[in-house]
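So the chains spell out like this:
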Amino acid sequence: MKKIANGVWKLSFGQPEAHTPVSLRKNELQAGALEKLNCAGTAPFAENQIEIKATSRGVYIEIPLGAEEHIYGFGLQLHRVDHTGRKKVIRVNSDPVADTGDSHAPVPFYVSTAGYGVFVDTARYATFYCGTNTRKGASAGKKDEQKEIGTSEIELYGYQAAEGDRTVVVDIPAAEGIDVYFFEGPNMLNAVQRYNLFSGGGVLPPMWGLGMWYRAYSAAKKEDVTRLADQFRADQMPVDVFGFEPGWQTKAYSCSFVWDDGRFPDHEAMLEELYSKNYRVNLWEHLFIHPSSPMYDALLPHSGDYEVWEGLVPDLAVKEGKEIFANHHLTEFVEKGIAGFKLDECDSSDFVHSNWSFPDISKFPSGMDGEQMHNQIGTLYQEAIQAPFEAIGRRTLSQVRASGALASSFPFVLYSDLYDHKVFIRGVVNCGFSGLLWSPEVRQAQSPEDLIRRIQTAVFSPMALLNCWRIPNPPWMQVDRDKNIKGEFLDNYEEVRAICRSLFETRMALIPYLYTSYAKYSIDGLPPFRALVMDYPDDPNTFGIDDAYMMGESLLVAPLVAGETGRSVYLPAGRWHCYWTNEMYEGGTAYQITADLTRIPVFVKDGTLLPLAAPLQNVADDAVFDIALKSYGTGLLTTVLYEDDGTSFSYRQGEYNWVQLELDNELKITRSGNYSGRRYHIG
Ligand code: GAL
């Protein structure tokens with residue numbers, strides 16, 4: 001086992017494949033930041049505890065799993081948080097309907113409550129058996145054990161989990177060798193931080209990316225866009241990002257990457273108008289290239305051997321392919337002010353409703369096959385789209401539907417066509433284990449209650465997104481889908497809209513706190529959204545919690561869904577305060593919490609001085625936030641704010657400040673750092 005950085009260890013076997021997440025990775029290992037994280041300096045396992053061998057299928061790995069350990073991760077798992085005793089296949093899938101491992105962003109990485117992480121560097125559809133099986137002979141002593149005859153499916157076919165000291169078995173098809181990386185703790189959160197820093201550090205979004213997002217109707221025309229954009233401002237509904245869905249292009253499935261002059265005559269004038277109203281514009285696309293696209297001929301030799309939706313599949317792992325694709329984005333869009341993109345359909349395979357993607361046996365010019373490309377296409381795509389923003393020196397926050405290993409530094413947030421609200425909440429809980437961000441987007445709603453509960457979750461999530469691609473008007477005006485389509489209004493829409501507005505304002509108030517949480521992600525690898533078990537790994541009550549999460553270091557969020565007026569919320573040891581009323585709760589136990597439609601249950605850690613901004617309508621480049629401090633607890637209360645220009649990469653050269661705030665009898669503000677501007681006015 002070789003030490004490759006402070007707390008990061010590598011075990012190699014045989015000849016690893018040419019194309020793996022690490023070999024394809026262009027982002028930098030944050031060795032300096034890893035030095036800052038304390039650890040014992042001993043690998044989590046001795047080499048002789050790990051079994052690795054070649055099999056007729058590929059490579060086999062077996063790693064110990066202690067009787068008391070629980071393991072988490074494997075990417076954006078939407079159906080389960082604690083994977084102990086489960087089998088997980090690392091296979092990208094656009095429609096991950098069951099707890100199989102299939103995911104928009106599967107990652108061959110897990111972390112343990114025992115305080116370490118394991119990353120298997122493969123792009124294959126690897127299978128992890130997480131303490132599921134016992135070896136031949138282990139049950140020999142049970143020959144006289146009496147068992148009832150099972151009379152239900154669950155008794156017969158319930159999950160099979162091994163007891164006692166178990167192992168994690170990994171089956172990697174096709175490979176002849178493998179590198180396995182081990183990340184030290186001492187605790188789970190530290191192991192995740194190390195994985196994120198190994199991946200290049202967490203992303204720091206532009207400040208505007210933390211505001212409200214609205215994606216308009218797919219078939220919208222120029223006049224619809226103008227009407228919506230004017231209406232948000234007139235109605236004082238804060239919106240930062242205006243998203244165009246497929247209709248902006250001449251061809252969308254596959255894509256031309258050319259504006260449609262029919263729906264959008266003089267689109268440049270329309271964009272100027274949107275920019276003048278301080279909207280950031282985001283364009284929907286996917287990477288399958290239509291024959292009419294200006295990129296088609298140039299990309300033909302740099303594409304895979306099968307089409308998708310009659311379009312080319314460019315190989316973004318080859319330099320030429322990536323450059324042609326990235327340059328078109330640079331000159332046609334990014335240099336013309338486009339602030340970001342929604343990278344759709346790159347999760348490709350769909351095993352449930354249809355099979356619309358390229359086959360696993362496809363061949364790509366880089367030498368990758370279809371299986372490897374499926375699992376890597378999301379991160380290759382993100383890297384290609386990040387390039388023009390790096391070139392122009394402007395940050396983006398964008399969307400992507402597929403991601404994977406080592407992705408924490410990419411400025412992209414995941415989303416899905418699934419829509420169960422509880423599944424969406426679980427996504428927020430789970431994304432932080434594997435260096436990912438997730439948006440529990442709001443589309444149409446079944447009722448005003450459903451709409452408002454969903455918006456509450458979105459507002460307390462990595463990206464506050466309304467994805468109204470199916471509906472011509474905002475859902476707070478026309479709640480029910482049928483009515484949307486017919487264009488009728490609900491009687492009480494004024495009231496619904498007022499509640500939505502106040503939730504949007506809650507999001508805008510939290511931007512400085514959230515931005516600071518993202519800065520800690522960028523610098524220290526600390527996930528801005530994370531499961532309670534990451535902060536409280538010694539408390540078994542947190543092990544299975546999949547419906548509440550930490551937002552930054554001080555807020556515990558426990559969303560409600562339609563039909564609920566209350567829920568049980570487990571508060572870990574220590575004191576907590578209701579975000580809204582300041583009511584105090586002694587932690588270490590669960591409480592039955594009720595909340596009317598205007599409130600989502602949120603709890604603040606005792607001792608927090610929460611910085612809340614006067615809500616802006618949008619975050620302009622030169623926005624200054626008026627900060628009021630809210631006290632949760634007594635005695636010395638503290639907080640810190642991260643400050644920089646909010647849009648460029650100059651923070652990488654150290655142009656940022658930490659603003660330390662302490663309130664005892666009086667407020668003490670200490671600024672340290674090299675950024676000369678001021679983003680916060682603290683009153
Ligand atoms: C879906 C995507 C939706 C929307 C739609 C447009 O696949 O997930 O959010 O963009 O495409 O056709």
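Residues numbered from 1 in each chain as written. Predicted model: local features only at pLDDT ≥ 70, side-chain atom pairs only at ≥ 80, totals over all residues. Heavy atoms only, no water.

Peer 1: I'm lost on the packing of aromatic side chains in this one. Help?
Peer 2: Aromatic ring pairs: the centre-centre distance and the angle between the two ring planes describe each pair. The full count for this structure, using the stated rule, is 46 aromatic pairs. With a centroid separation of 5.9 Å and 85 degrees between ring planes, the pair formed by Phe 183 and Tyr 195 is classed as edge-to-face. With Phe 183 in strand β11 (residues 176-184) and Tyr 195 in helix α4 (residues 188-198), this pair connects stretches of sequence that are twelve residues apart. For the pair formed by Phe 183 and Tyr 195, the shared burial category is buried. With a centroid separation of 6.2 Å and 70 degrees between ring planes, the pair formed by Tyr 214 and Trp 476 is classed as edge-to-face. Of this pair, Tyr 214 sits in strand β12 (residues 212-215) while Trp 476 is found in the loop between β18 (464-467) and α12 (481-486), placing the two residues 262 residues apart along the sequence. Residue Tyr 214 is classed as buried on the basis of its relative accessible area of 1%. (Phe/Tyr/Trp six-rings, centres within 6.5 Å; stacked < 30°, edge-to-face > 60°. Helix = DSSP H or I, 4+ residues; strand = E, 2+ residues; numbered from the N terminus. Buried < 20%, exposed > 50% of the residue type's maximum accessible area, 1.4 Å probe, protein only.)

Peer 1: Is there a simple way to explain a nonpolar patch on the surface in this structure?
Peer 2: A surface patch of nonpolar side chains, amounting to about 250 Å² of accessible area, comprises Val 97, Phe 351 and Val 352. Here Val 97 lies in the loop between β6 (87-89) and β7 (106-112). Residue Val 97 is classed as partly exposed on the basis of its relative accessible area, which comes to 47%. (Patch = residues over 30% accessible without salt bridge, like charges linked within 9 Å, V, L, I, M, F, W, Y side chains within 5 Å. Areas by Shrake-Rupley, 256 points an atom, 1.4 Å probe, with all protein chains shown as cover. Salt bridge = Lys/Arg side-chain N within 4 Å of Asp/Glu carboxyl O.)

Peer 1: Mind showing me how you'd approach the site of the ligand here?
Peer 2: In the vicinity of the ligand, the residues found are Glu 245, Pro 246, Tyr 253, Trp 284, Lys 342, Asp 344, Glu 345, Arg 401, Tyr 415, Asp 417, Asn 467 and Trp 469. Side-chain polar atom of Tyr 253 to an oxygen atom of the ligand: 2.9 Å apart, as the coordinates give it. A distance of 3.0 Å separates an oxygen atom of the ligand from a polar atom in the side chain of Glu 345. Taking 310 Å² as the accessible area of the ligand by itself, protein coverage stands at 93%. Class assignment of the residues belonging to the shell around the ligand gives a composition of five nonpolar, one polar and six charged. (Near = heavy atom within 4 Å. Polar contact = N/O pair within 3.5 Å; in protein donor to acceptor, adjacent residues only side chain to side chain. Nonpolar A, V, L, I, M, F, W, Y, C, P; charged D, E, K, R; others polar.)

Peer 1: Teacher, can you tell me more about helix α5 (residues 222-234) here?
Peer 2: Residues lying three or four places apart along an α-helix face the same way, a consequence of the helix completing one turn every 3.6 residues. Taking 1.5 Å of rise per residue, the 13 residues of α5 would be expected to cover 18 Å, and the 18 Å separating its terminal C-alpha atoms lies within 8% of that figure. Among the residues making up α5, those that are buried are Val 225, Leu 228, Ala 229, Gln 231, Phe 232 and Arg 233. Directly after α5, the chain includes Gln 236, whose backbone phi takes a positive value near 55 degrees. (Expected span 1.5 Å × (residues − 1).)

Peer 1: Can you help me understand the sheet that holds strand β10 (residues 166-173) in this one?
Peer 2: In space, the five strands of this open sheet follow the order β3-β4-β10-β9-β6, with antiparallel pairing throughout. At either margin of the open sheet sits one strand with a lone partner, and together these are β3 (51-54) and β6. On average, each strand axis in the sheet is tilted by 15 degrees relative to the strand beside it, whichever way the strands run. Where β3 and strand β4 (residues 58-65) come together, four bridges link them in antiparallel fashion. (Pairing = 2+ DSSP bridges. Axes fitted to C-alpha atoms, helices over the stretch in contact; angles between N-to-C directions.)

Peer 1: Help me out: how do you make sense of the sheet that holds β18 in this one?
Peer 2: Strand pairing in a sheet relies on backbone hydrogen bonds, with the paired strands running either antiparallel or parallel. Ordered by their spatial adjacency, seven strands build an open sheet running β17-β16-β15-β14-β13-β12-β18, and the pairing between neighbours is parallel. Unpaired on one side and paired on the other, β17 (412-414) and β18 mark the two borders of the sheet. Pairwise comparison of adjacent strand axes, ignoring direction, gives a mean angle of 25 degrees for this sheet.

Peer 1: Please clarify how the domain arrangement of the protein should be interpreted in this entry.
Peer 2: Accessible area lost on assembly of the parts is the figure often given for the size of an interface. Considered domain by domain, the protein is made up of domain 1 (2-137 + 160-198), domain 2 (207-511), domain 3 (519-606) and domain 4 (610-682). Distance from the C-alpha centre of domain 1 to the C-alpha centre of domain 4: 38 Å. (Domains from an automatic or database assignment.)

Peer 1: Could you clarify how one ought to interpret unusual backbone geometry in this entry?
Peer 2: Most peptide bonds adopt trans geometry, and most residues besides glycine take a negative phi value. Cis rather than trans, the peptide bond between Gly 185 and Pro 186 has omega equal to 15 degrees. Relative to the assigned elements, Pro 186 resides in the loop between β11 and α4. Its identity as a non-glycine residue notwithstanding, Asp 266 has a phi of 50 degrees, on the positive side. Tracing the chain through its elements places Asp 266 in the loop between β13 (241-244) and α6 (267-276). The phi torsion at Asn 278 lies on the positive side, around 65 degrees, for a residue other than glycine. Considering the arrangement of structural elements, one finds Asn 278 in the loop between α6 and β14 (280-285).

Peer 1: What am I meant to see in the confidence of the model for the protein here?
Peer 2: Low-pLDDT portions of the prediction should not be read for the details of their coordinates. For the protein, mean pLDDT is 95; residues scoring 70 or higher make up 98% of the total. Below pLDDT 50 for its whole length, residues 484-490 participates in 15 contacts with residues either more than four positions away or in separate chains. (pLDDT = per-residue confidence, 0-100. Contact = heavy atoms within 4.5 Å.)

Peer 1: What exactly am I supposed to notice about the pairing of β14 here?
Peer 2: Strand residues, when the strand is regular, have side chains that alternate between the two faces of the sheet. For β14, the tally of buried residues reaches six of six residues, placing the bulk of the element in the interior. Of the two faces of β14, the one lined by Arg 280, Asn 282 and Trp 284 and the one lined by Val 281, Leu 283 and Glu 285 are each fully buried. Two strands pair when backbone bridges link them, and β13 and β14 are joined in this way by four bridges, in the parallel orientation. The partner of Phe 242 across the bridge, within β14, is Val 281. Crossover handedness for the path β13 to α6 to β14: right-handed. Note that β14 and strand β15 (residues 340-343) share four bridges and pair parallel. (Right-handed = clockwise from strand over helix to strand, strands pointing away.)

Peer 1: Help me understand the side chain of Thr 132 in this model?
Peer 2: Examined against the element boundaries, Thr 132 turns out to sit in the loop between β9 (127-130) and α3 (153-157). Within the structure, the side chain of Thr 132 is placed 2.4 Å from the side chain of Asn 133, a separation counted as a polar contact. Sequence-distant contacts of Thr 132, that is, excluding residues within four places in its chain, are made with Gly 85, Arg 86, Lys 87, Gln 160, Ala 161 and Ala 162.

Peer 1: Help me out: how do you make sense of the packing of helix α8 (residues 319-332) against helix α9 (residues 370-392) in this one?
Peer 2: Each pair of packed helices can be summarised by the angle the axes make with each other and by the distance between the axes. The interhelical angle for the contact between α8 and α9, taken along N-to-C directions, is 50 degrees, at an axis separation of 9 Å. Classed by the angle they form, the pair α8 and α9 counts as oblique. Note on packing geometry: the crossing formed by α8 with α9 is right-handed. Here α8 contributes Lys 322, Phe 325, Ala 326, His 329 and Leu 330 to the contact with α9, which in turn contributes Tyr 381, Glu 383, Ala 384, Ile 385, Ala 387, Pro 388 and Ala 391. When grouped by side-chain class, the residues that make up the contact of α8 with α9 number nine nonpolar, one polar and two charged. (Parallel < 35°, antiparallel > 145°, perpendicular 65-115°, else oblique. Left-handed = near helix turned anticlockwise from the far one by under 90°.)

Peer 1: Looking at this model, I keep getting lost on the side chain of Asn 618. Mind explaining?
Peer 2: With respect to the helices and strands, Asn 618 occurs in the loop between β27 (608-613) and β28 (625-632). Among residues more than four places away in sequence, those in contact with Asn 618 are Arg 233, Val 239, Asp 240, Asn 278 and Met 508.

Peer 1: How should the state of the cysteines be read in this particular structure?
Peer 2: Disulfide: a covalent bond formed between the sulfur atoms of two cysteine residues. Taken as a whole and judged by the stated rule, the model has zero disulfides. Looking at the unpaired Cys 130, the closest cysteine sulfur is the one in Cys 431, lying at 19 Å. For Cys 130, a relative accessible area of 0% puts it in the buried group. (Disulfide = S-S within 2.5 Å.)

Peer 1: In this structure, what is going on with the pattern of salt bridges? I would like to understand it.
Peer 2: Opposite charge on two side chains makes pairing possible when the charged atoms of those side chains draw close. All told, the structure shown has 39 salt bridges when counted by the stated rule. Close ionic contact of Glu 17 with Arg 124 constitutes a salt bridge, the shortest N to O distance being 2.7 Å. Taken together, the residues Glu 17 in the loop between β2 (8-15) and α1 (21-24) and Arg 124 in the loop between β8 (116-120) and β9 connect sequence positions 107 residues apart. With relative accessibility at 5%, the residue Arg 124 sits in the buried group. Overlapping salt bridges, with partners in common, bring together Asp 344, Glu 345, Asp 347, Arg 401 and Asp 417 in one network.

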